[in-house]
Amino acid sequence: MEKEKVSKVVTVTVVERPARKLIFLRHITATDYFSACEEVGCEWEGYFNRIPEAFDTGAGGRLPKSLIRPGTSGNAFFVEVPLEYNKSLPDGYEIAELPPCTYLYFNGMPFEDQNNFDIAIGILNEAIENYPFEQFGWKRSDKAPVLGMGAEAETGARTAVPVEKI
């Protein structure tokens, strides 16, 4: 039997976030990672991942409903920071306060070849799509961003989905 390139095992962990701020770089028309990098550049990742106060690594995904502007895709690159964060931002970046929330962190297994990142993300997205949120007392929420943190061979694919108790 041939070994899988990327394990299909995905763990789910409940993570509580306090009130905090979201630093984000809005996409106007882009709907995926590569077109977003073409639209706004990919410097965001280095910038976000150098913020020592950040709760997690820089991410891309869907903004909370309250931050989506008409005529935009609703997607952005972003990072969450403590409510007290008050440092200046590069041009084009925005900051907004978010209320406390609960995330379900979906995490795929580490994998050997970084070139298989797309397989790892596909497995994770399928797990999220088929996850029985209601069976475990949750419903998806649009009050916080969906944090798509990509896939690295050492950490696996990671996405945080905001949820509310039913």
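How each quantity is defined
Residues numbered from 1 in each chain as written. Predicted model: local features only at pLDDT ≥ 70, side-chain atom pairs only at ≥ 80, totals over all residues. Heavy atoms only, no water. Disulfide = S-S within 2.5 Å. 1 Å grid on protein atoms, 1.4 Å probe; cavity = no way out; pocket = protein on both sides within 12 Å on 5 of 7 lines; lining within 4 Å. Points joined across faces, edges and corners; volume = space filled by probe spheres on them. Helix = DSSP H or I, 4+ residues; strand = E, 2+ residues; numbered from the N terminus. Buried < 20%, exposed > 50% of the residue type's maximum accessible area, 1.4 Å probe, protein only. Pairing = 2+ DSSP bridges. Expected span 1.5 Å × (residues − 1). Arc of directions from axis to C-beta. Salt bridge = Lys/Arg side-chain N within 4 Å of Asp/Glu carboxyl O.

Asker: Can you break down the state of the cysteines residue by residue, with the values?
Answerer: Applying the stated criterion across every chain, the model contains one disulfide. One disulfide in the model links Cys37 with Cys42; its S-S distance is 1.8 Å. Because the torsion about its S-S bond is 120 degrees, the bridge between Cys37 and Cys42 counts as right-handed.

Asker: So what's going on with the layout of surface pockets? Which residues, and what values?
Answerer: Volume-wise, the largest pocket comes out at about 850 Å³. In terms of lining, the largest pocket is formed by 33 residues, of which the most central are Tyr33, Ile121, Gly148, Met149 and Gly150. The set of elements that each furnish at least two residues to the lining of the largest pocket consists of α1 (33-40), α2 (43-49), β3 (59-62), β4 (75-82), α3 (117-130), β8 (147-152) and β9 (156-165). The greatest single-element share of the lining of the largest pocket, amounting to six residues, is contributed by β8.

Asker: Outline the pairing of strand β2 (residues 20-26), listing residues and values.
Answerer: Among the seven residues that make up β2, seven are buried, leaving the element largely enclosed by the rest of the structure. Neither face of β2 is open: one carries Arg20, Leu22, Phe24 and Arg26, the other Lys21, Ile23 and Leu25, and all of them are buried. As judged from the seven bridges shared by β2 and β4, these two strands associate in the antiparallel manner. Bridging across to β4, Leu25 finds its partner in Phe77.

Asker: Tell me about α3, residues and numbers included.
Answerer: For α3, which comprises 14 residues, the first-to-last C-alpha distance of 20 Å matches the rise-based estimate of 20 Å (1.5 Å per residue) to within 8%. Those residues of α3 that fall on the buried side of the exposure criterion are Ala120, Ile123, Leu124 and Ile128. Looking straight down α3, one finds its buried side chains confined to an arc of 135 degrees; they lie on one side. Within α3, the exposed residues directed more than 90 degrees away from the buried face are Glu126, Glu129 and Asn130.

Asker: Give me the lowdown on the pairing of β8, citing residues and values where you can.
Answerer: As judged from the four bridges shared by β8 and β9, these two strands associate in the antiparallel manner. From the neighbouring strand, Leu147 faces β9, where its bridge partner is Ala160. Linkage of β8 to β9, two consecutive antiparallel strands, is achieved through a turn of three residues.

Asker: For the pattern of salt bridges, give the residues involved together with the corresponding values.
Answerer: In this structure the tally under the stated criterion is seven salt bridges. The partner of Glu53 in a salt bridge is Lys87, with the nearest N and O atoms 2.7 Å apart. Of this pair, Glu53 sits in the loop between α2 and β3 while Lys87 sits in the loop between β4 and β5 (94-98), placing them 34 residues apart in sequence. For Glu53, a relative accessible area of 28% translates into the label partly exposed. Between Arg69 and Glu94 there is a salt bridge, with its nearest N and O atoms 3.1 Å apart.

All quantities given are derived from atomic positions and should not be read as evidence of function.
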